Each structure stands twice: as C-alpha cells, then as structure tokens.
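# Observations on chain architecture
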Amino acid sequence: MSAQKSPVARNGSRPRFPLDVDLGDEARFIRSWLENPKIAGAIAPSGRFLARALAQCVNPVARGPIIELGPGTGPVTQALLARGVPRAKLVLVEYEKSFCTLLAKKFPGVKIVRGDAYRLAETLKGVIGEKPSAIVSSLPLLTMPEDDRLTLLQQAFDLMGEGGRFVQFTYGVKSPVPTDLGHNLHVRIQALAPIWLNLPPARIYIYRRAHGPTQFREPPDVIDMILRRSRQAAQEIRDEIAEARARIASNGRGSGR
Ligand SMILES: C[S@@+](CC[C@H](N)C(=O)[O-])C[C@H]1O[C@@H](n2cnc3c(N)ncnc32)[C@H](O)[C@@H]1O
C-alpha cells in the first residue's frame, strides 16, 4: 500500500474478527456483508460483465489518474487493468482494512488509500498530483443519506478536470444520486442499459458536470423491463407453437389424412 489514511468510522461499528487472507473472494465478501451490511452494500462481488462494463466507461489513455471507490476484493480493478489503465494511474480508495491488504497483494504497483470515500477531498489530499479523468464507484450509495451522496458528487467534480466523469453502478431502479438536484450542482446524467447477466441485474450511471440545468428522464424500471421482456418472449413462443400447429394441420390436410 503506497498511502494509508485511517477511515472515519461512520457508524462506529468495528469488525468482530479480522478476515482470513486465504478465504475465497465470495466468502470474504459475504463475511464483510455479515459484519457490516451498510458498508459492504452487496452480498457478492460484481460479476465480470458488470466489471467489464464499468471499465468500458473510462478512457485508459486520458490524462490524469483514475480513482476507484470501494474496490472490495478487486473485480472492477481487474477489469480496469484489463482495459489498459496503467497501474501507476490507478488509485483505489477502500474503507475496509482487510480488503486493502488483499488488494495490495493482488495488485502490486497500484496505489491503495485506506479511507472514507465520502470525505474524498480529505482522503485524497497529497495522494494525487493531477486532476483525475474519471472516478469509478461501487460504493453502496443507497445506504447513505441523499445529502452525503450529493456531497460526494460535488467533491468528485471539484477534484476532476472539466471532462471528468463519475461512474456509478446501482442495483436500484433509479439514479442513486438524486436527479432533481435543485441547487448549484448541474449534472448531465447518462443511464446505460441494464447488465442482465449480473445477479442482481445492475445499471450504470455516468455523471458529468454541466454548465446549466439539464433534463433527465429515468429509463424504465428494471423490474418492469424484465416482466415486459419475459411476457414478450412468452408471447413469441405461443405464436411459434400456434404457427407450427397450423403448419402441421395444413400438411395433414394436404396429405389427404
Ligand atoms: C458493493 S461493494 C463493491 C465491491 C467491488 N467493487 C465489487 O464490485 O464487487 C462496496 C465496497 O465499498 C466499500 N466501502 C463502503 N463504504 C466506503 C467508504 N465510505 N469509503 C471507502 N470504501 C467504502 C466496501 O468496503 C466495499 O468494498
């Protein structure tokens, strides 16, 4: 670990026992979730389709570091490296000590900061020399009050250069950062198509700074979309069966039986 900052305990709770270093990532994650569900935010690490989709949202050759918030056991870190982000450009901010130890073992050469991502400016003070080009977050934003999420986004925009993007995934059905921002924070929001192959399906949102008020319409609700798609598939199957029956019946008539 090339930099270390003590995290500020947000809810005062402490792990009851240290995580074993030789546990599988899933087991490690489940244990972390059992110890502190609000911080872990999920019961399993992101699947590779989601991790890859998140990594696709950054430009690996853009100037400036790329910050990953809440790397956990590192599936998104792995995908960012596979996307071509140089190790020296990647900075991971993780709150959980045992994950930091694991990340340092898995990704030598990548800067790991143990600290609180919601105090981003303070946590990254003296760590990065240039403005980051992107911040990729797996933080469980929905477990935090809206004000904290907005403050995080504001800090992210303050840190990043003009074209910087804040990339966030959610299991929720709408933007995890409120879209009716109503104050000085002008944001352009892009919602990507759901990643159906992740369990549960996840959606990626990209937030960029805007210079005035913008409009954003939420994409249809994921559950509605799943229901609509499966109804459509069921109807297509029924139609095909009906067509096949009709063909069989007309063949039967044609053969004089
Ligand atoms: C939903 S998990 C995502 C882990 C991993 N990126 C993945 O996709 O599987 C959330 C991660 O954020 C970390 N985390 C939660 N609150 C944090 C905070 N305030 N500062 C830094 N990391 C935090 C948790 O320890 C956990 O590793």
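In what follows, the accompanying structure is described. (Residues numbered from 1 in each chain as written. Predicted model: local features only at pLDDT ≥ 70, side-chain atom pairs only at ≥ 80, totals over all residues. Heavy atoms only, no water.)

## Considerations on the environment of serine 98
Convention followed: Elements are defined by DSSP. Helices are runs of H or I of four residues or more, strands are runs of E of two residues or more, and each kind is numbered from the N terminus.
Inspection of the secondary structure assignment puts serine 98 in helix 5 (residues 97-106). A sequence separation of 70 residues divides serine 98 from arginine 28, and the C-alpha atoms of the two residues are 9.1 Å apart.

## Points about the site of the ligand
What counts is decided by this rule: It suffices for a single heavy atom of a residue to lie within 4 Å of a molecule or strand for the residue to be listed as near it. Here a polar contact is taken to be a pair of N or O atoms separated by no more than 3.5 Å, where protein atoms must pair a possible hydrogen donor with a possible acceptor and residues adjacent in sequence count only if both atoms sit in side chains. Working definition of accessibility: Shrake-Rupley area with a 1.4 Å probe, residue cover restricted to the visible protein chains. Ten residues, namely Ala, Val, Leu, Ile, Met, Phe, Trp, Tyr, Cys and Pro, are considered nonpolar, four, namely Asp, Glu, Lys and Arg, are considered charged, and the remaining ones, Gly among them, are considered polar.
The full set close to the ligand counts 23 residues, and Ser46, Gly70, Glu94, Asp116 and Ala117 are the nearest of them. Here a nitrogen atom of the ligand and a backbone polar atom of glycine 70 are 2.8 Å apart. At 3.2 Å, a backbone N or O of tyrosine 95 approaches a nitrogen atom of the ligand. Relative to its unbound accessible surface of 600 Å², the ligand loses 98% to contact with the protein. At the level of elements, helix 2 (37-40), helix 4 (75-82) and strand 3 (90-94) are the ones that each hand at least two residues to the shell around the ligand. Classifying every residue of the shell around the ligand gives 15 nonpolar, five polar and three charged.

## Things to note about the pattern of salt bridges
Our working definition: A carboxyl oxygen of Asp or Glu within 4 Å of a side-chain nitrogen of Lys or Arg is what we treat as a salt bridge. When a residue's accessible area, from a 1.4 Å probe over protein chains only, is under 20% of the maximum for its type it is buried; when over 50% it is exposed; and in between it is partly exposed.
Inspection of every chain in the model, using the stated rule, returns four salt bridges. Between arginine 247 and glutamate 243 there is a salt bridge whose closest N-O contact spans 3.9 Å. One end of the pair is arginine 247 and the other is glutamate 243, both in helix 8 (residues 222-254) and four residues apart, which spans about a single turn. Glutamate 243 gets classed as partly exposed once you look at its relative accessible area, which sits at 48%.

## Quick word on the pairing of strand 6 (residues 165-170)
Quick note on the threshold: Strand pairing follows a simple DSSP-based rule, namely that at least 2 bridges must link the two strands. Place the viewer so that the strands point away; then a crossover is right-handed whenever the path from the first strand over the helix to the second strand goes clockwise.
Of all six residues making up strand 6, five are buried, and the element is well covered by its neighbours. Pairing of strand 5 (residues 134-137) with strand 6, which is carried by four bridges, proceeds in the parallel orientation. Paired with alanine 134 across the two strands is arginine 165, which belongs to strand 6. Note that the unit made of strand 5, helix 7 (residues 146-159) and strand 6 has a crossover that is right-handed.

## Here we look at helix 4
Because an α-helix completes one turn every 3.6 residues, residues spaced three or four positions apart along the sequence face the same direction. Rules: Note on contacts: a residue pair is in contact if any heavy atoms of the two residues lie within 4.5 Å.
All buried positions along helix 4 are accounted for by Val76, Thr77, Ala79, Leu80 and Leu81. Check the buried side of helix 4 and you find it contacts helix 3 (48-56), strand 2 (66-69), strand 3, helix 5 and strand 5. In the segment just after helix 4, glycine 84 is the residue with positive phi, at about 110°.

## Some points on the environment of arginine 149
Residue position: arginine 149 is located in helix 7. Residue arginine 149 is classed as buried on the basis of its relative accessible area, which comes to 10%. Here the alpha-carbon distance between arginine 149 and proline 178, two residues 29 residues apart in the chain, equals 8.3 Å. Apart from residues lying up to four places away in sequence, arginine 149 is in contact with Leu141, Leu142, Met144 and Pro176.

## Here's the deal with the packing of aromatic side chains
For clarity, the cut-off: Ring pairs shown here join Phe, Tyr and Trp side chains whose ring centres sit within 6.5 Å, with only the six-membered ring taken for Trp; geometry is labelled stacked below 30 degrees between planes, edge-to-face above 60, and tilted in between.
Counted under the stated rule, the structure contains four aromatic pairs. Each ring, one from tyrosine 205 and one from tyrosine 207, has its centre 6.2 Å from the other, and the planes form 20°; the classification is stacked. With respect to class, tyrosine 205 is no different from tyrosine 207; both count as buried. When the ring of tyrosine 205 is compared with that of phenylalanine 216, the centres are 6.3 Å apart and the planes differ by 65°; the resulting orientation is edge-to-face. Here phenylalanine 216 lies in the loop between strand 8 (203-209) and helix 8 and tyrosine 205 lies in strand 8, a separation of eleven residues in the sequence. The exposure class of phenylalanine 216 is partly exposed, given its relative accessible area of 23%. Grouped by ring-pair contacts, the aromatic residues Phe166, Tyr205, Tyr207 and Phe216 constitute a single cluster.

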